[in-house]
Amino acid sequence: MALDPMTVTFPQESVKVERQVTFIKVQRVFAGKLERRETAQGFRKEGSLIGRELRLRQEVLKWNGWGFRDSKFEFDGDGVGSFKGTRYLLSGMLPHLRGFAESIEGFRVEDKLPSQPEIPSESLPKPVTHDEFFREIHHSGISFSLDGQDRLFRAHGHTLQEIFTLRTGLFARIPDIVIWPGCHKDVVKIVEAADRHNVCIIPFGGKYQFGCGTSVTNGLECPKEETRMIVSLDMSQMNKVLWIDEKNMTAHIEAGIVGVDLEEKLAKYGLCTGHEPDSCEFSSLGGWIATRASGMKKNVYGNIEDMLVHVKMVTPKGVMEKNCQVPRMSTGPDVHHLILGSEGILGVITEVTLRVRPIPPCRTYGSVVFSNFDDGVNFMREVARQRCAPASIRLMDNAQFKFGASLRPPPSSMWASLVDSLKKFYLTRLKGYDLDQLAILTLLCEGTQEEVAAQEKRVYKIASQFGGLAGGEENGQRGYMLTFAIAYLRDLALDHHCIAESFETTVPWDRVHDLCRNVKERIRQECKAHGVKNEPYLTCRVTQLYDTGACIYFYFGFFYKGLPDPVHVYEAIESAAREEIIAHGGSLSHHHGVGKIRKKWMKSTISDTGYDTLRAVKNSLDPRNVFGSKNLL
């Protein structure tokens, strides 16, 4: 059945999705705040005059850090901490932040290291040009830009190395041209032209491929030795929901759509995907598939591979897709699993069909306090064994508990202050909990009122068997919402001579305790060996549960003033931590992907034969290495 792109429909029960108009006004509730914005949905196609919407996007996002320019942690002239902006529930005064920050050895509020000014276009590497390719793109009417700031904005993701370079130096290589396809056919034209003229393509966006460059594995880094013209293929204008089929509970979507926009559009029809990664404001559908992403609510909705019904990918050898959209097929190896996790080395994901669900009518938050981290882990193992995990369930160790406590707002009244004191008295004096040992767990339950009530009753009953005490809804909500703002902390750390970063893994249940303890100890040893004079900050949390194991998320940071090459030191320490993880039977990655920074472990991870098979697929689909990011292999 041919689909009319102006008013797309799909069988009888489908919902017609209106074509986007030039300007739309959106009211969005995100993280407890109401946001109003005006978004331009079209732009001119004359060379680098790419229009208002794209310019606005670059103007509202940080050029050398995470997220929105108007959102950040900072200390005022008196050293009082706050989170600026009104986009997040966390926003406002944070009177305890300074005390926590200065508990990290070496950190001083008054000792600041500002970033270099924005890099002028004339200082950027000059673009490599290819006249025949450029002429073909220009005549096609597809939007493009040669502007230096457009190229720089798409030259990086969000690894420590990339952000440090933006703050202190210059990239040796950046894309030579940015191209914005408007539909699947545009992508086919671009890829065919690149293959004909031997031009390199690096898809851009959230996690390798779309959105706003949220890759945390150097996936967007341009290879320094690449002499060909490099195209940054920005998929952000392919952001439409093409059709919704309410009877079959599926939606067909362009892969450039960002997570919060996708949920917003589906919500008009009472539907959702339930996929909510930490980066859902900035990462996008195609990027989720390209990195095998996981969301915070995967216990109910599944990981991205569990939601995927159909996917279309443009490769130099043609379009790869299945011939029907059904729940399951037994037709040999699944080609979807070649696309999932391909990290932009095989082609460009253009359109996706996802399973959707009705928006749950009831949502509740909760929290549980355990006397120590090990009791919390044992509780989570039992929840996984009984298969009663709520949508989100995450356990934070003591260091992360203290960090969360430092982000509490001022007491709203004397009564609120008294209540906090009584809670502390109850935990420490009556229950005997040690504030330097306890761990906290946050919960999010979704479903009908009856389902949520039954789930809460069951989970809290299991928690009591492991000494857990209910910690209240407010703590659960703040803990969950903090996830969306935590990435902003690295910018604050870098402003004060501190390096801060995160990494993740999955591990079998019987090794969770040992892995958490030993990885932290390995990091301490490596810091000393590499000349880090101060004690590093180390913390971890258990974020996703499976029958056979769990996802562990580590955060660590250290004061680097005086180190001649702090990024190199960090990379050596993280590499050693990764070796420790692998030695304990942990995975190379749970959801961040491999990119360039972890690819040295790929062969040992998937075996020599598996590695050779992946290489053979790459050579078959892309013999001229058009998709030359050098991720994975």
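In this text the structure is predicted, and so the values were computed from the model without any measurement.

**Q** Kindly report on unusual backbone geometry, identifying the contributing residues and their values.
**A** Although it is not a glycine, Met249 adopts a positive phi angle of roughly 55 degrees. Topologically, Met249 is positioned in the loop between strand S11 (241-245) and strand S12 (250-254). In the Ramachandran plot, Ser607 falls in the positive-phi region, its phi being about 80 degrees despite a non-glycine side chain. Relative to the elements of secondary structure, Ser607 occurs in helix H20 (residues 602-621).

**Q** Outline the environment of Thr506, supporting the account with residue identities and numerical values.
**A** Relative to the helices and strands, Thr506 is located in strand S22 (residues 498-508). The spatial distance from the C-alpha of Thr506 to the C-alpha of Val542 is 9.5 Å, given a sequence separation of 36 residues.

**Q** So what about the UniProt feature "active site" (unreviewed entry) in the protein? Which residues, and what values?
**A** Here the UniProt feature "active site" (unreviewed entry) sits at Tyr553. Position of Tyr553 among the secondary structure elements: in strand S24 (residues 549-559).

**Q** Which residues make up the environment of Arg394, and what values go with them?
**A** Among the structural elements, Arg394 can be located in strand S19 (residues 392-396). Classification of Arg394 as buried rests on a relative accessible area of 4%. The sequence separation of Arg394 and Thr442 amounts to 48 residues, and the corresponding C-alpha distance is 5.4 Å. From its side chain, Arg394 meets the backbone oxygen of Gly479 in a polar contact 3.4 Å long. A distance of 2.6 Å separates the side chain of Arg394 from the side chain of Thr483, its partner in a polar contact.

**Q** Please give an account of the sheet that holds strand S10 (residues 230-234) that cites residues and values.
**A** Spatially, four strands are ordered S7-S8-S10-S9 in an open sheet, and the strand pairing comes out mixed. Unpaired on one side and paired on the other, strand S7 (143-145) and strand S9 (200-204) mark the two borders of the sheet. Taken over all neighbouring pairs, the strand axes of this sheet differ in orientation by 25 degrees on average, direction set aside. Pairing between strand S8 (residues 177-180) and S10: three bridges, direction parallel. Residue pairing across strands places Ile177 opposite Val231, the latter belonging to S10.

**Q** Now, about the UniProt feature "binding site: substrate" (unreviewed entry) in the protein: what can you tell me, with residues and values included?
**A** Mapped onto this numbering, the UniProt entry annotates "binding site: substrate" (unreviewed entry) at Arg490. Assignment of secondary structure puts Arg490 in helix H17 (residues 489-494). A relative accessible area of 9% places Arg490 in the buried class.

**Q** Got a sec to walk through the pairing of S24? Specific residues and values, please.
**A** Put simply, side chains in a regular strand alternate between the two faces of the sheet. Burial runs high along S24: eleven of the eleven residues are buried. With eleven bridges connecting them, S22 and S24 associate as antiparallel partners. In the sheet register, Thr506 faces S24, and the bridge partner there is Cys551. The pairing of strand S23 (residues 537-545) with S24 spans eight bridges and is classified as antiparallel. The partner of Cys540 across the bridge, within S24, is Phe554. Linking S23 to S24, which pair antiparallel, is a turn of three residues.

**Q** Provide a residue-level description of the packing of aromatic side chains, including the pertinent values.
**A** A full pass over the atoms with the stated rule returns 20 aromatic pairs. Considering the side-chain rings of Phe164 and Tyr560, the 5.9 Å spacing of their centres and the 70 degrees angle between planes classify their relative orientation as edge-to-face. Of the two residues, Phe164 is situated in helix H5 (residues 160-168) and Tyr560 in the loop between S24 and helix H19 (566-583); the sequence distance between them amounts to 396 residues. Tyr560 sits in the buried class, given a relative accessible area of 7%. Seen from their ring centres, Tyr365 and Tyr480 are 5.9 Å apart, and the 55 degrees between their planes marks the pair as tilted. One end of the pair, Tyr365, is in strand S18 (residues 362-370); the other, Tyr480, is in helix H16 (residues 473-485), with 115 residues separating them in the sequence. Take Tyr365: its relative accessible area is 9%, and that puts it in the buried class.

**Q** Which residues make up the confidence of the model for the protein, and what values do they have?
**A** If pLDDT is low for a region, its predicted coordinates should not be looked at in detail. Here the protein shows a mean pLDDT of 88. Residues at 70 or above account for 87%. Residue range residues 1-51 is modelled with pLDDT below 50. Its contacts to residues more than four positions away, or to other chains, number 111 contacts.

**Q** Would you mind going over the side chain of His496 in detail, with residue names and values included?
**A** Within the secondary structure, His496 is located in the loop between H17 and S22. A distance of 3.1 Å separates the side chain of His496 from the backbone oxygen of Val109, its partner in a polar contact. Contact partners of His496, with chain neighbours within four places excluded, come to Phe75, Phe107, Arg108, Val109, Asp111, Lys112 and Phe559.

**Q** Pulling in residues and values, what's your account of the packing of helix H3 (residues 131-140) against helix H6 (residues 184-197)?
**A** Across the interface, H3 lies against H6 with an axial gap of 9 Å and an inter-helix angle of 165 degrees. Classified by the angle their axes make, H3 and H6 are roughly antiparallel. In the packing of H3 onto H6, the handedness of the crossing is right-handed. On the side of H3, the interface is formed by Glu132, Phe133, Glu136 and Ile137, while H6 contributes Ile190, Ala193, Ala194, Arg196 and His197. Broken down by class, the residue content of the contact of H3 with H6 amounts to five nonpolar, one polar and three charged.

**Q** Talk me through the side chain of Asn303; I want residue IDs and the actual numbers.
**A** Within the element layout of this structure, Asn303 appears in the loop between helix H9 (298-301) and helix H10 (304-307). For Asn303, a relative accessible area of 6% corresponds to the buried category.

**Q** Lay out the environment of Ile581 in plain terms, naming residues and giving numbers.
**A** Tracing the backbone through its elements, the reader meets Ile581 in helix H19. As for Ile581 and Arg522, which are separated by 59 residues in sequence, their C-alpha atoms are 9.9 Å apart. Beyond its immediate sequence surroundings of up to four residues, Ile581 is in contact with Phe503, Thr505, Leu515, Val519, Phe554, Gly586 and Ser587.

**Q** Any details on the packing of helix H18 (residues 512-529) against H19? Residues and values, ideally.
**A** Packing of H18 against H19 brings their axes to within 9 Å, and their N-to-C directions diverge by 150 degrees. It follows from the interaxial angle that H18 and H19 lie roughly antiparallel. Here H18 runs over H19; the crossing is right-handed. Within the contact between the two elements, H18 uses Leu515, Asn518, Val519, Arg522, Ile523, Glu526 and Cys527 and H19 uses Ile573, Ala576, Ala577, Glu580 and Ile581. Looking at the contact of H18 with H19, its residues break down into eight nonpolar, one polar and three charged.

**Q** So what about H5? Which residues, and what values?
**A** Helical geometry: 3.6 residues make up each α-helical turn, so side chains three or four residues apart lie on a common side. Of all nine residues in H5, seven are buried; the element is thus mostly enclosed. Residues of H5 that are buried include every one of Leu160, Glu162, Ile163, Phe164, Thr165, Leu166 and Arg167, and no others. The inward-facing, buried residues of H5 contact helix H4 (148-153), H17, S22 and H19.

**Q** Account for the nonpolar core, naming residues and giving values.
**A** One finds Phe379 and Phe558 to be the most contacted residues of the largest nonpolar core, which totals 58 residues. Aside from chain neighbours lying at most four places away, what touches Phe558 is His497, Cys498, Ile499, Cys527, Val532, Pro536, Leu563, Pro566, Val569, Tyr570 and Ile573.

Cut-offs and rules
Residues numbered from 1 in each chain as written. Predicted model: local features only at pLDDT ≥ 70, side-chain atom pairs only at ≥ 80, totals over all residues. Heavy atoms only, no water. Helix = DSSP H or I, 4+ residues; strand = E, 2+ residues; numbered from the N terminus. UniProt positions renumbered as here; feature names shortened; annotations may be inferred. Buried < 20%, exposed > 50% of the residue type's maximum accessible area, 1.4 Å probe, protein only. Polar contact = N/O pair within 3.5 Å; in protein donor to acceptor, adjacent residues only side chain to side chain. Pairing = 2+ DSSP bridges. Axes fitted to C-alpha atoms, helices over the stretch in contact; angles between N-to-C directions. Phe/Tyr/Trp six-rings, centres within 6.5 Å; stacked < 30°, edge-to-face > 60°. pLDDT = per-residue confidence, 0-100. Contact = heavy atoms within 4.5 Å. Parallel < 35°, antiparallel > 145°, perpendicular 65-115°, else oblique. Left-handed = near helix turned anticlockwise from the far one by under 90°. Nonpolar A, V, L, I, M, F, W, Y, C, P; charged D, E, K, R; others polar. Core = buried A, V, L, I, M, F, W, Y, C linked by side-chain atoms within 4.5 Å.

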